[in-house]
Amino acid sequence: MCFIMLGECNIVNEGLKVKLYPDKVMVDKFNRSLGNVRFVWNNLLTEYQKTFELFKQHGYTKLKCNQTTFNTMLTMLKKEYSFLYESESSTLQQVYRDLIRSFNGFFKKNSNYPKFKSKKNPKNGFRIQNNNNIKITSSIIVLPVLGEVHYRTSPQYKQLLKESKINNVTIKKEHNHYYAVFNIETEKQPMEKTDKAVGIDLGIRTLATLSNGLKITNLDTTHEDKMIKKYYRVLSRKKYNSNRYNKILKTLGKWIQRKTNRINDAYHKLSHYIVKNYDIICMESLDIKELFQNTDLSSRLQSISWKKLVEMIKYKCEWYGKKFIQISKWFPSSKICSQCGYYCKDLGDKKEWTCPHCQTHHDRDINAAKNIKKEGLRLLMDETFVNLRNWGDSTVILLSWESTGP
Ligand SMILES: [Zn+2]
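Residues numbered from 1 in each chain as written. Predicted model: local features only at pLDDT ≥ 70, side-chain atom pairs only at ≥ 80, totals over all residues. Heavy atoms only, no water.

1. A look at the packing of aromatic side chains
Thinking step 1. On inspection of all chains with the given rule, the structure shows 16 aromatic pairs.
Thinking step 2. Between F103 and Y113, the aromatic rings sit 5.5 Å apart at their centres with planes inclined by 85 degrees, giving edge-to-face as the arrangement. Separated by 10 residues along the polypeptide, F103 in helix 3 (residues 89–107) and Y113 in the loop between helix 3 and strand 2 (123–129) bring together distant segments of the chain.
Thinking step 3. Exposure remark for F103: the relative accessible area of 0% places this residue in the buried category.
Thinking step 4. Look at F106 and Y113: their rings are 5.2 Å apart centre to centre, the planes differ by 90 degrees, and that puts the pair in the edge-to-face class. (Phe/Tyr/Trp six-rings, centres within 6.5 Å; stacked < 30°, edge-to-face > 60°. Helix = DSSP H or I, 4+ residues; strand = E, 2+ residues; numbered from the N terminus. Buried < 20%, exposed > 50% of the residue type's maximum accessible area, 1.4 Å probe, protein only.)

2. Some words on a positive patch on the surface
Thinking step 1. Taken together, the side chains of K62, K64, K108 and K109 define a basic patch exposed on the protein surface.
Thinking step 2. Residue placement: K108 occurs in the loop between helix 3 and strand 2.
Thinking step 3. The exposure class of K108 is exposed, given its relative accessible area of 61%. (Patch = residues over 30% accessible without salt bridge, like charges linked within 9 Å, V, L, I, M, F, W, Y side chains within 5 Å. Areas by Shrake-Rupley, 256 points an atom, 1.4 Å probe, with all protein chains shown as cover. Salt bridge = Lys/Arg side-chain N within 4 Å of Asp/Glu carboxyl O. Lys, Arg positive; Asp, Glu negative; His and termini not counted. Charge placed at Lys NZ, Arg CZ, Asp CG, Glu CD.)

3. Details of the sheet that holds strand 8 (residues 197–202)
Strand pairing in a sheet relies on backbone hydrogen bonds. The paired strands run either parallel or antiparallel.
Thinking step 1. What the five strands build is an open sheet, ordered 10-9-8-11-12; its pairing is mixed. The open sheet has two edge strands with one neighbour each: strand 10 (215–217) and strand 12 (323–327). Neighbour to neighbour, the strand axes of the sheet diverge by 20 degrees on average, direction disregarded.
Thinking step 2. Across three bridges, the pairing between strand 8 and strand 9 (residues 206–210) is antiparallel. Its bridge partner being in strand 9, L202 is matched across the sheet by A208.
Thinking step 3. Each of strand 8, strand 9, strand 11 (280–284) and strand 12 is contacted by helix 8 (residues 297–320), which is oriented at about 145 degrees to strand 12, the strand it contacts most. (Pairing = 2+ DSSP bridges. Axes fitted to C-alpha atoms, helices over the stretch in contact; angles between N-to-C directions. Contact = heavy atoms within 4.5 Å.)

Right, here's the structure in full:
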């Protein structure tokens, strides 16, 4: 297969989620492991905060975390609380790795300060490293320390699991449903070159507009949203952890998963289409900081879903040997005439407009996508100093767009 064309294949990491059907004993074991992970996380976080307070008294403003310190802390915790030995050792080590990653994100201002883990959070998980001790048959997964659990997935996924090298598995509990997410290594063949470039503009009603004029509307999830809202309301009236509560939580989880599956499916198809048909893909970059600070829930969810699509296109470009270019979020893609380069300062939120300079009539989104493509190709040329072929558009003359952002 791949070794014949060695050098052409890309070895990539991929996540693969399957549904688990644990029996009562296994549910109990899973919950104990989740509890241990929560216990270790909260203890390490407390210890860190205590140490940091000491350092603060001596004028330090930042305390870097390191693996050795956390590992020593973990060993001490295990000595004190022997129930931690019920969990696979790599699972507990993963906790401080996650904590370090969480702190690094915070120090880089990409995420909020790590929070304490609560039992009431409906989403929890723990990871097991594969040291050749995870076995998979067509219906059963055998996990180290924990034992056997039934699972279900598509025949394609089963085949992939059989063929691929498994790095680790994360057991997830989401609204009382259990899943296993496998991190596997697979081989990807580069896709055929098409000699085409594209600019993509993301929007609210029209999810994606391509510079060639193609518009992809956002998926309609009104029904799922309605059901999710309904079950959240019902859940809020039930007593926490009662039988009714857990049953409703499970139904709620089913609707949330259904919505996620539909969105993921649509995004996978769209990103695959784009990466297959274009060699150079230009998009606007999204502001991650803004995403975390945004308090309006619906626009926050919209940003999260855009980010998901951008990430999919990005990693598929890497997998299949295509070029992905992200342009500055300050680039005023909507306000420039893609025909003559005129900068229209007071465009407002008009969906269509006519350029006062060259009289070209523009669809707002298509014009933006064309500008994104041009700006992306300009950046690419700056980056490579290679005289690229003519990509089929006249060169745009930029008129003082720098004045729009800091
Ligand atoms: Zn014009």
